[in-house]
Amino acid sequence: EHSGSWHICISSSTETATSAVRGVLLEFENISDYDSDDLCGFGKHIHALADARDAQGRTALGLASKESREVIHEFLLFCGRYKLHMGPPEH
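What counts, and where the lines are drawn
- The residue numbers shown here count from 1 along each chain, following its written sequence.
- Note on the predicted model: pLDDT of at least 70 is required for a residue's local features to be given, and 80 or more for side-chain atom pairs to be given and counted; whole-chain, interface and lining totals, by contrast, use all residues.
- Excluded from the side-chain calculation are hydrogens and water; included are all heavy atoms of the structure.
- Whenever Lys or Arg places a side-chain nitrogen within 4 Å of a carboxyl oxygen from Asp or Glu, that contact is recorded as a salt bridge.
- Relative accessible area decides the class of each residue, using a 1.4 Å probe on protein chains only: under 20% of the type maximum gives buried, over 50% gives exposed, and in between gives partly exposed.
- Counting from the N terminus, the helices are the DSSP runs of H or I reaching at least four residues and the strands are the DSSP runs of E reaching at least two.
- Only buried Ala, Val, Leu, Ile, Met, Phe, Trp, Tyr and Cys residues count toward a nonpolar core, and they belong to the same one when joined by side-chain atoms within 4.5 Å.
- Side-chain atoms alone can form a polar contact between residues adjacent in sequence; in general such a contact is a pair of N or O atoms within 3.5 Å, and within protein one must be able to donate a hydrogen while the other accepts it.
- Residue contacts are counted whenever heavy atoms from the two residues lie within 4.5 Å of one another.
- Picture the helix axis, draw a direction to every C-beta atom, and the arc is the one those directions span.

K.L.:
Any details on the pattern of salt bridges? Residues and values, ideally.
P.N.:
For the coordinates displayed, the defined rule picks out three salt bridges. Across the pair Asp54 and Arg58 runs a salt bridge, and its minimum N-O distance is 2.7 Å. The class for Arg58 is partly exposed, based on a relative accessible area of 42%. In this structure, the salt-bridge partner of Glu70 is Lys66, at a minimum N-O distance of 3.3 Å.

K.L.:
How would you summarise the side chain of Thr18 if you had to cite specific residues and measurements?
P.N.:
Positionally, Thr18 belongs in helix α2 (residues 15-25). Thr18 sits in the buried class, given a relative accessible area of 15%.

K.L.:
Account for the nonpolar core, with residues named and values stated.
P.N.:
Trp6, Ile10, Val21, Leu25, Ile46, Ile72 and Leu76 are the most contacted members of the largest nonpolar core, which has 13 residues in total. Contributions of two or more residues to this core are made by α1 (5-11), α2, α3 (46-51) and α5 (66-76).

K.L.:
Give a description of the side chain of Ser68 that names residues and reports values.
P.N.:
Along the chain, Ser68 turns up in helix α5. A distance of 3.2 Å separates a polar atom in the side chain of Ser68 from the backbone oxygen of Ile10. Apart from the residues within four sequence positions on either side, Ser68 is in contact with Cys9, Ile10, Ser12, Thr18 and Val21.

K.L.:
Lay out α5 with the relevant residues and their values.
P.N.:
Among all positions of α5, only Ser68, Val71, Ile72 and Leu76 are buried. Relative to the axis of α5, the buried residues are bounded by an arc of 135 degrees and lie together on one face. Close packing links the buried residues of α5 with α1, α2, α3 and α4 (60-63).

Quick look at the structure:
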């Protein structure tokens, strides 16, 4: 049980919390500017992390501070702007 630690972290607008969110999501290959001990590489699970619900049923993305939401969108959205839908391509 994480006891809501993900939700607490992303709802904080401090620079430390925002850096922690980025560190959790960064892949191990992208560690040039970060201490490798702090990285988790969970960016591949961004959809589940963004949709994780707290005890009151609120999504993590909905609770995220502006700063954390911008970091999450870097991983969640294509080019930080476009939401992609999984499935066959549309023409």
